[in-house]
Amino acid sequence: MNSFIRILAGSLAVAGLSVSVPKASAPTDLEQKIQTPSLDLSHAVAVRDVAIELGGGALEVEEGVLVPASPISGRVMEVVFVGKALFRLTPPDDVEAQQLEVFTQQTTLEAGIEGAVFTIGNASIMDRLLSRSPATPDSTTQARARELFDGWVRGSERRVFGVDAAIWRALSADPLSQGYFASFFQSVDLGNFCLVLEPWENDQLTVGRFVPREMDDREKRLSERDLRIARKEGRFLQLRLDDFGDFDTWMRMPLRDGAGRPTPGSSNFEPKHYDLEANLDPKALTIDGKATLHLTAMREGSRVVALSLFRDLIPSSIRDGAGKELAWYRSGFTLSVMLADPVRMNESLTLEIAYQGVIFDEIGADFFALRTTQSWYPHTGTTDRATYKLTLRWPKKYELMASGKVLESRLENKEQVEIRTLEVPADFVSFEIGDFDLVEEQVGHVRVTVAFNRGFGTVAKGVEQEVVDTLKAALQFYEEKFGAYPLDYLTVVTIPRGFSQGFLGFLTLADDLLYLRSPFAPGPGVENSSSRMRMETVAHELAHQWWGNLVGWKSYRDQWLSEALAHYSAVLYLQSKSDRQSVYLAEHAKDWKRWLRQTTLDGRTLESLGPLVMGERLNSSLSESAYQAVVYGKGPLAFSMLSRAVGQDQLTLMLKNLVKALSNRPIDTETFLAAIEKMGSVNLSSFSKQFVYGTGIPEIYYSFEFRESGDGRWEVQGEARQTFMPHYDYRLIQKQGGWDLTRVPSHDSQPSDWTLLVPFQVILDAGGEGTVSPKQSNYQTARGLGGTLKVSGRSTPFTFKIDRKPLDFWLDQRGEVLAYFFCSSREPKRALRYMAAEGPDAESEAMYKKALQAELLSGKALEDADLSSRDLKRESNLEDARIYFGLARWYLDHSRIEDSRRALNSGEDLIRASDGKFWQDEREALDSRLNLLQGEYKETYARLNRELQMYFPVKTGEHASAGWRRSQWRTGRIGDAEDYAMLAVAAFETSHMEVAQLAAKYAEERGADMTALKQLLSASKAE
Ligand SMILES: [Zn+2]
């Protein structure tokens, strides 16, 4: 490597940039040049032995050519690379390394590059890059360059990342935008991926891939038609079919200064005040708006205001405070506006934006919902907290509920006009229009107005009353716990939409929660669950007045704080109202356990996709519900453990102090945790490492026994063992006379560096106080002697001395701890089986055999179960069958075929005819695996054909037999990686090639390594 150039935002000097401003060219001409650029092959240059530094990573070019795009307004903005290079980027920390691993199976990004397109905001860097000796690429290279560039210009990434808008901003001579950089890589190892540096973002640097939604020809045709119809109605105006998809963020990080400290980016302007005028026409579903933004310049010399506005709202005119018409550029949600002159730091300026478009969805007759609650007016700013004035005008036959306090209300012809203000800085204002039942009440200093939407008919009075009562009581509760609510009014609207929201002073509640009905009358001692859900939602949304509004969150990494705190507050409130406070959490534990254990196609749990601080990045092409599961399932649990660590009352007090100290400003996760550590004099390093920045939920297997100690007292002795559920990597291998599918457990977390504070309960014998009958209800917890046990590493032995005879012992009886608990003293057989399956591999065989000898239930659990000896025998046999199947699998993994067949048969023998379907999937999977190993394919194919479901894509002009094949595979169950891998092999060996192709694809999507078969499949295709 003999030359070195740098492409990095940090190295930019603002002064002295010679940037031509696109004043001369008409906007449409410029827009066209930006959107459909062309390549300039006559100016190609040769590159050899160059290292290009890209945001902390490096592109090492061995050799190749660079072909510039034709200049726009005198500047070259994009350049194509064709050749041979290597791109390397090391993640900045463990969290980003884990994310990279989830998407690429690499912990350091290293990819061979054969082609790339660079978009470079900095003119001098582009000049230096292109100042090399001219090259005359051969026709193959020319064709490659053209193909690459055309694909980039026509493809989704350039639009999805807003590259066109960034080019426009750079051409507008905006200093910050000169630091923009984007790179689209074609990699041999990793396929296509992008690296984008956006100087105005908190985390400026993003590496990842856009994954378009997979559609076959038929789905494409239908979607195209839907889009055409929608466009005629003024919807999805700027969307193309290719733009539908997910973005997988492999890594995202702030730039760093010379000393390695992060230097997060920020926007050019912050708003002080929004003056919003809107004419609403629900019949036409439109808004005609004028937004006047009062802004402060956050840096010297800025030329561009970057706004976001709902993509179907189209600006008609944008002017500055002097009334001068300004140039602007629209791309997706972003609206970029060029100022007439550069501004000074801290200078105030005004922007007036007129815009129109379709803003409502009609849900029923005269019954509407906003298509966007946040982006119905243009926003700017990184913090974006401002005061508001709203002037809203609408047909008087409707009612309108909105943010802010009414200053003036009048009728003009057939229109209602209302002027409102919100004088406490807030991040959003919104409104809803329709037909409502109003309830108004005074709660202390707050006038509470609740508007029940009449769209779906009237709501039961009892339900309305419950919502109002919850609002009133929770408002008082939160004011007492967390400090005063900042306004003297609160408006609450129910609305037919899938989500609820809590803006400052304005709550919207998804109205389906009003129609929730319990299918069963609640049993004695159990609360009505739909009523509980309703109160929980109301209390959660109200709590956002404190968490989200008074205490804001800085970036997507901190959003979990606001959600988890809102939920924690709601639980505190409901606990205080519940007559069975102590069991409230236990009722919840079931939900989060189920939620977090759901798996993706490739068998990873949703929880393992990323930690709390990944926020919205948790949703990706791998899962569309991981954000919900992690933030709403794990987040509140993290807070209940925090409250256990520092004490509930103390935590509440700290939160109150935090509200006071921050009052209307955002906070980040690090500052929040540091504040709690300081106020509570606690060390939260292992807590945050495990639950905030880490993934993994430990499994705790515990056993105990009671023993009389010599001194007339009693002893509880036991052990808690900690393990983690592994996920499995499958690999297909061709063997002598058959095929094997190996399965290797992969452990994402290690128990050795994990510590938990676990509450325990010793249930005492008689003597009146402390004991309750164990079978009162499902959720009933017994009282007794309690404490906290510190569980760390693989094994934690424990002993407690007590004065009275113990009856029973529990770890985490109420489900407060983020861990799964199994008691081997209560259910020895099952606990041993789990430990055999998930513990250290070397101990598995012995552990399974021990499980066969163990009892199904013992001690108190046996008494409580109250089973007849016949039923007990049957249950025990079935559990033994599971153990044999586990053993059969373990033998298979260790190439002990005969032992495996024997174990499988022993298991089968234990299953009675009436239990024929018991564990059928597992039994058939084992059978199939054994068959494939021995080269018996026909039976396996027939069985899996009957059993599994696949979807054959529709191709235009396909053969008639394709329809028959599709219908044949339409029913059955969705399998896992192993199922489809085995089907692929069986289909291949029985010459069902199209089935083999698709099954191999399904198996790969589920994480199996199918290389061995795919080589044979492509060879057979070539013949
Ligand atoms: Zn929320």
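Up top is the structure these notes are about.
Residues numbered from 1 in each chain as written. Predicted model: local features only at pLDDT ≥ 70, side-chain atom pairs only at ≥ 80, totals over all residues. Heavy atoms only, no water.

**Student:** It is not clear to me how the overall build of the protein should be interpreted in this structure. Could you clarify?
**Tutor:** Looking only at helices and strands, the protein has 26 helices and 39 strands in total. Taken over C-alpha atoms, the radius of gyration comes to 32 Å for the protein, in line with the 31 Å a tight globule of 1023 residues would show. Principal-axis analysis of the C-alpha atoms places the extent of the protein at approximately 95 × 80 × 60 Å. When each of the 1023 residues of the protein is scored for burial, the buried share is 55%. Accessible area for the protein stands at about 43900 Å²; split by element, carbon and sulfur atoms hold 50% of it. Taking the 120 positively charged and 142 negatively charged side chains of the protein as two groups, their mean positions are separated by 1 Å. (Helix = DSSP H or I, 4+ residues; strand = E, 2+ residues; numbered from the N terminus. Rg over C-alpha atoms; globule rule 2.2 N^0.38 Å. Buried < 20%, exposed > 50% of the residue type's maximum accessible area, 1.4 Å probe, protein only. Areas by Shrake-Rupley, 256 points an atom, 1.4 Å probe, with all protein chains shown as cover. Lys, Arg positive; Asp, Glu negative; His and termini not counted. Charge placed at Lys NZ, Arg CZ, Asp CG, Glu CD.)

**Student:** Honestly, the coordination of the zinc ion in this entry has me stumped. Any pointers?
**Tutor:** Six octahedral donors around a metal ideally sit at 90 or 180 degrees from one another, while four tetrahedral donors ideally sit at 109.5 degrees. For the zinc ion, the full set of protein donor atoms is His 540 (NE2), His 544 (NE2) and Glu 563 (OE), at a range of 2.0 to 2.1 Å. The sequence pattern formed by the donor residues of the zinc ion is H-x3-H-x18-E. Of this pair, His 544 sits in the loop between helix H9 (529–543) and strand E29 (551–553) while Glu 563 is found in helix H10 (residues 559–577), placing the two residues 19 residues apart along the sequence. Each member of the pair, His 544 as well as Glu 563, is classed as buried. (Donors = N, O, S within 2.8 Å, 3.2 Å for Na, K, Ca; no water.)

**Student:** So what exactly am I meant to see when it comes to unusual backbone geometry here?
**Tutor:** Backbone geometry follows two general trends: most residues other than glycine have a negative phi, and most peptide bonds adopt the trans configuration. The phi dihedral of Asp 49 is positive, around 50°, even though this residue is not glycine. Looking at the secondary structure, you find Asp 49 in strand E2 (residues 45–54). Taking relative accessible area as the criterion, Asp 49 reaches 27% and is therefore assigned partly exposed.

**Student:** How should I be thinking about the nonpolar core in this particular structure?
**Tutor:** Leu 351, Trp 376 and Tyr 478 are the most contacted members of the largest nonpolar core, which has 223 residues in total. Of the residues forming this core, the biggest block, eleven residues, is contributed by helix H12 (residues 626–646). For Trp 376, the residues in contact, after removing those within four places along its chain, are Leu 276, Ala 278, Ile 287, Leu 309, Leu 313, Tyr 355, Ile 359, Leu 390, Val 429, Ser 430 and Phe 431. Counting 37 residues, the second-largest nonpolar core is a separate cluster that includes Ala 69, Val 80, Val 163 and Trp 168. (Core = buried A, V, L, I, M, F, W, Y, C linked by side-chain atoms within 4.5 Å. Contact = heavy atoms within 4.5 Å.)

**Student:** What is the right way to look at the pairing of strand E23 (residues 431–434) in this model?
**Tutor:** Here is the key point about a regular strand: its side chains alternate between the two faces of the sheet. Because side chains alternate across E23, one face comprises the buried residues Phe 431 and Ile 433, and the other comprises Glu 432 and Gly 434, equally buried. When strand E20 (residues 399–402) meets E23, the two strands line up antiparallel, connected through four bridges. Bridging across to E23, Ala 402 finds its partner in Phe 431. (Pairing = 2+ DSSP bridges.)

**Student:** Would you explain the packing of helix H16 (residues 828–838) against helix H17 (residues 844–853) in this entry?
**Tutor:** Two measures define how a pair of helices packs: the angle their axes make with one another and the distance between the axes. Direction vectors running N to C along H16 and H17 enclose 170°, while the axes themselves pass 8 Å from each other. In terms of orientation, H16 lies roughly antiparallel with respect to H17. The residues of H17 that touch H16, namely those facing Lys 829, Leu 832, Arg 833, Met 835, Ala 836 and Ala 837, are Ser 844, Met 847, Tyr 848, Lys 850, Ala 851, Leu 852 and Gln 853. Among the residues making up the contact of H16 with H17, the classes are represented as eight nonpolar, two polar and three charged. (Axes fitted to C-alpha atoms, helices over the stretch in contact; angles between N-to-C directions. Parallel < 35°, antiparallel > 145°, perpendicular 65-115°, else oblique. Nonpolar A, V, L, I, M, F, W, Y, C, P; charged D, E, K, R; others polar.)

**Student:** How should I be thinking about the packing of aromatic side chains in this particular structure?
**Tutor:** Each aromatic ring pair is characterised by the separation of its centres together with the angle its planes make. Across all of its chains, the model carries 48 aromatic pairs by this definition. Between Tyr 485 and Trp 546 the ring centres are 6.2 Å apart and the planes differ by 45°, which places this aromatic pair in the tilted class. Residue Tyr 485 is found in the loop between helix H8 (461–482) and strand E26 (489–495), and its partner Trp 546 is found in the loop between H9 and E29; the two are separated by 61 residues along the sequence. When its relative accessible area of 2% is taken as the criterion, Tyr 485 is described as buried. Here Phe 918 and Trp 919 contribute two aromatic rings whose centre-to-centre distance is 6.2 Å and whose plane-to-plane angle is 15°, an arrangement assigned as stacked. Classification of Phe 918 by relative accessible area gives buried; the value is 13%. According to the relative accessible area criterion, Trp 919 is partly exposed, its value standing at 31%. In this structure, Arg 169 is placed above the aromatic ring of Trp 200, and the distance from its NZ or CZ to the ring centre is 4.7 Å. Its guanidinium or amino end placed over the ring of Tyr 728, Arg 743 lies 4.1 Å from that ring's centre, counting from NZ or CZ. (Phe/Tyr/Trp six-rings, centres within 6.5 Å; stacked < 30°, edge-to-face > 60°. Lys NZ or Arg CZ within 6 Å of the ring centre and 35° of its normal.)

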